[in-house]
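Chain and residue survey
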Amino acid sequence: MKRKTHLLLLLWCILACYTGTQAQNASYFKGGKLCLVNSSHQDIAWMDSPDECIRFRDEQMITPALQRMAESSHYCFSVEDALSLREYLERHPDRYGDILKYTKEGRLEWGATNKQPYPSMYDGEALVRQTYFGRKWLQKVLPGCDFRTAYNEDVPGVALQLPQILAKSGIPYYQISRHQPGFYKWFSPDGSSVVSWSPGQYHDKTMPILNAPSEPARTDTLARFLDEFDDYYRKRNIPPVRLVLYSFDFSEPVNWDKYMENWNNEVKGDNAKALPYIMYSTSTKVMDEIVAGKDTKFDELLGERPNVWLYIHGPAHQRALKAGREASRLLTAAEKFSTFNALVANSFSDYPAKELTDAWESAIYPDHGWGGNKGHITDRYFRDKFEYARDKAQDLLDKSLRAIAHRIKFKDEYKQAVTVFNPLSWERTDPVVLTLDVEGRPNTHYKLIDADGNEIPYQFTDCLYTGNKDEVITITFVAEKIPALGYKTYYLTEGALPAGNENIPSAVPAYENKYYKLVFGNGGIESLYDKELKKEFFRNDKFSGGELFTLQSVGNGAGEFTEVQQPTMEGFDQLRNYKQQWQCVETGAVRDVFQTIQPLKETQAVLRIILYKTVKRIDVEVDLNRFNGENWREFRLAFPVNMQQAKVAYEVPMGVVEVGKDEIKGAAGFSKSYQIYSTPCKDVHPREVQDWFSASDGKTGLTISSDVAVFDWIDPTDKPVDYVVLQPVLLASRKSCHGLGNYYIQPGNHSYRFSIYTHAGDWHNGYKNGAQSRQTLKTIVIDTEKQQGFLPDRQSFGTLTGKGAVVSTIKKCEDDDSVILRYYNIEGNDAEVTFNLFKDIESLNHTNMIEEESAALQFSGKGFSYKLGHHAIETFKIGTK
């Protein structure tokens, strides 16, 4: 009864407002439409545990909405995502007919993505799969229907390439929140766009009406709300169709039938008032009418809106996000090599389509609802999803690589082969770590050679080799020139035990190899001098390179704040406050490893610096051992950059953001009266990052591969320095903003690895190395006896030429046995791109992102060329002979 009274009061206020406001306001919307979009904002779990939230969506949202549609032929309801339908059909397969009927009628709307995540929590291909498990899945389950609005009503951030991903997936509309109210044409840098609509904060414009202390107060509130948009509509020539979103956390379907009837009688009566007609609608219906207006002028936005809630995922859930990032990288690698294996076999009968789909579904499951009521259950569930996807992907990748390796014709004179696989689309040289099971081979020592008989240096790592029959040994070597999207074979044969270094390298007074001269000191690397570039890359007046430091980190990660909650100096500590003893803990023909161990109040810090003999790369490994879980504690690494006016760039999903250049202009603006995002987007920090971040003065650059989801470049301490300090944020023990929410304390052990690359120029010369460190070479060891293979011992399954072109995935088509190739332009210039497959092409089509809207293209033999636009993401469907 209370809810009905509120609804009656709301409609009374609307009528009163229109009757009493200025004539010009009433006249603009006269004869137009006031469209009430009834929805319910739903995190996977925020208001309660996942199971309880699924129950709510069933019993108090979708089932009542279906009942309302059966009662009223005018009623409409909008569900924000596709996952809610999947959950509901699992519980109520008998309601499928009703759902299909109402969806076809355009009265039941389903959001076009799987769920509503933090977009940059995921990598590019994982973000694309939101539309696979959204619009594409929905079209299959509900044939004859389309789904053209994506919802993300709670997340204060938009990824650089998200508009392009949506637009090229057939999704023209994006309903957002926590942004200046209005309609926007939001562009990605390639020129593609979606039309976005923001109400401000998603329930802010309705709640004050329902909670107003008196009828006049409610009337005044609604009158102000409508007055705001009269001038907005008029100036932009927007059709007089006003969208009012009725959506709260856990809101339920409403019955406004009688109220709407009374309203519309007032509009069409003999003494008609200057009012719009009121009706139920969906976001897609309203947006179709809005964009159909003649000479409508939408405000335009171009670029990234940095997410101010970024602490909630990576820093506050480090183990989960690390598993999620690993899952995505492994899944794309598994897709590529499973596809190549099928093409080699001339059959997709063994392609693990179901298993890959299952793994991807888990890999993109977590949304923005970390924490919350019973958040310990939700957070564990999200982590389990990521870890399941990671482990499943690893298993599928191993199976595909082993299947390919068994098809290789190895050299007869060797009993064991080591095949090194490269999942990236360029040739590369990188260190490889290889584990060998020597059980049954007592007292056997090995020699590693390439296919031409050249001996390859290697060294033992992380183990002692004694020759015991149950021993497992680990070695590392540098694999050179591994073909793009292919493999190269090495061989193991009996040989002498590799000689150790007679002279153990020293860190005092300095360490040198052919690339660098390093000075180790308290904290980390005091000096990093590049011999080739004749450049000192680190400043050491406040931090050393790779130095661990800790601050107080009071905050929620997500919440009603308007700026990222920054750490403070309480409890500040850094490694240089202690005297470090650097020891060489590993040396050999491949690398030298230096280590220091320092107990801190909250944890034991272990810092390792790894330098390679034949690769220009420095790895920095950090262990936080036995972290005690102290709340409000944050750990970062510092890389103080010795450059004046350095520019910072970092990888985002399928693109790069240069700080100060690629963000949307200005600030995100008004959300609600006590939530105004006033910080210009270019000044928001820290930022979400994918595989690497970089700093450059244009002459030289420093690129660091990232093992975290968040990084910063501005000194957060008191008396901050005025130069760039690149800082991966390792961990932050904060708390859910929900009143009943959990603490994100994360006790125990945490390990990280970063790779430093110094180079000429800017990030364009470092991004490939940054990606290589995160997407490592893969190895398979095969006993060659009784092998009857036919593939060469070195092969590229696909080559991609064209400046800045990067393969995102190669996979089996969802609908037939064609091959899907997706690549994108990371460097930002138009490029003529040529792709060559290892076998003949029979047909070629350009498709949208979800493998639809096919258009034939020309090809020749095994390959084809395509003019790839700047920043563009393109998808192709390839038939093979």
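Residues numbered from 1 in each chain as written. Predicted model: local features only at pLDDT ≥ 70, side-chain atom pairs only at ≥ 80, totals over all residues. Heavy atoms only, no water.

The next subject is the packing of helix H4 (residues 83-91) against helix H6 (residues 124-141). Packing of H4 against H6 leaves a shortest axis separation of 10 Å and a crossing angle of 40°. As far as their axial angle goes, H6 and H4 are oblique. Along its contact with H4, which presents Leu85, Arg86 and Leu89, the element H6 presents Phe133, Trp137, Leu138 and Val141. Of the residues assigned to the contact of H4 with H6, the class counts are six nonpolar, no polar and one charged. (Axes fitted to C-alpha atoms, helices over the stretch in contact; angles between N-to-C directions. Helix = DSSP H or I, 4+ residues; strand = E, 2+ residues; numbered from the N terminus. Parallel < 35°, antiparallel > 145°, perpendicular 65-115°, else oblique. Contact = heavy atoms within 4.5 Å. Nonpolar A, V, L, I, M, F, W, Y, C, P; charged D, E, K, R; others polar.)

Our focus in this paragraph is the sheet that holds strand E26 (residues 618-627). The nine strands lie next to each other as E23-E24-E25-E26-E37-E34-E33-E28-E29, forming an open sheet whose pairing is antiparallel. One side of each edge strand has no neighbouring strand; the edge strands of this open sheet are strand E23 (583-587) and strand E29 (655-658). Adjacent strand axes in the sheet meet at a mean angle of 20° when their direction is disregarded. Examined bridge by bridge, strand E28 (residues 647-652) and strand E33 (residues 692-696) share four bridges and lie antiparallel to one another. Residue pairing across strands places Val648 opposite Ala695, the latter belonging to E33. (Pairing = 2+ DSSP bridges.)

This next bit is on the packing of H6 against helix H13 (residues 353-363). Contact geometry for H6 and H13: axes closest at 10 Å, N-to-C directions at 105°. Classified by the angle between their axes, H6 and H13 sit roughly perpendicular to one another. Contacts between H6 and H13 involve Glu125, Ala126, Arg129 and Phe133 on the former and, on the latter, Thr357, Trp360 and Glu361. Residue composition of the contact of H6 with H13, by class: three nonpolar, one polar and three charged.

Okay, the packing of aromatic side chains next. Aromatic ring pairs: the centre-centre distance and the angle between the two ring planes describe each pair. Scanning the model with the defined rule gives 43 aromatic pairs in all. Ring plane angle 40° and centroid distance 5.8 Å describe the contact between Phe711 and Trp713, whose orientation is recorded as tilted. Each of the two residues, Phe711 as well as Trp713, counts as buried. Through a chain of ring-to-ring contacts, the aromatic side chains of Tyr122, Tyr365, Trp370, Tyr381, Phe382 and Phe386 assemble into a single cluster. The residue whose ring lies beneath Arg734 is Tyr311, and the NZ or CZ to ring-centre distance is 3.6 Å. (Phe/Tyr/Trp six-rings, centres within 6.5 Å; stacked < 30°, edge-to-face > 60°. Buried < 20%, exposed > 50% of the residue type's maximum accessible area, 1.4 Å probe, protein only. Lys NZ or Arg CZ within 6 Å of the ring centre and 35° of its normal.)

What follows covers the sheet that holds strand E19 (residues 524-530). Pairing in this open sheet of four strands is antiparallel, and the strands run E17-E18-E19-E20 from one edge to the other. For this open sheet the edge positions go to strand E17 (511-512) and strand E20 (535-536), each flanked by a neighbour on one side alone. Here six bridges tie strand E18 (residues 516-521) to E19, and the two strands are oriented antiparallel to one another. Looking across to E19, one finds that Lys517 is bridged to Tyr529.

This part is about the pattern of salt bridges. Taken as a whole and assessed by the stated rule, the structure comprises 70 salt bridges. Between Asp48 and Lys374 there is a salt bridge whose closest N-O contact spans 3.1 Å. Placement of Asp48 in the loop between strand E1 (33-38) and helix H3 (50-71) and of Lys374 in the loop between H13 and helix H14 (375-405) is noted, with a sequence separation of 326 residues between them. By relative accessible area, Asp48 is classed as buried at 17%. (Salt bridge = Lys/Arg side-chain N within 4 Å of Asp/Glu carboxyl O.)

With that settled, the discussion passes to the nonpolar core. Ranked by size, the top nonpolar core spans 163 residues in total, and within it Trp110, Tyr823 and Phe864 carry the most contacts. At 13 residues, the largest contribution of residues to this core is made by helix H12 (residues 318-345). Discounting residues that sit within four places of it in the chain, Phe864 has contacts with Leu821, Tyr823, Val833, Thr834, Phe835, Ile841, Leu844, Gln858, Phe859, Phe876 and Ile878. (Core = buried A, V, L, I, M, F, W, Y, C linked by side-chain atoms within 4.5 Å.)

Before going further, it helps to spend a moment on the side chain of Ser198. The topology assignment puts Ser198 in strand E7 (residues 193-198). Of note is the side chain of Ser198, whose polar atom sits 3.1 Å from the backbone nitrogen of Gly200. (Polar contact = N/O pair within 3.5 Å; in protein donor to acceptor, adjacent residues only side chain to side chain.)

The pLDDT averaged across the protein works out to 92; a share of 92% of its residues lies at or above 70. Low pLDDT, under 50, characterises residues 1-25; the stretch is placed with 53 contacts to residues that sit more than four places away or in other chains. Here residues 464-469 scores under 50 on pLDDT; set against residues more than four positions off or in separate chains, the count is 14 contacts. (pLDDT = per-residue confidence, 0-100.)

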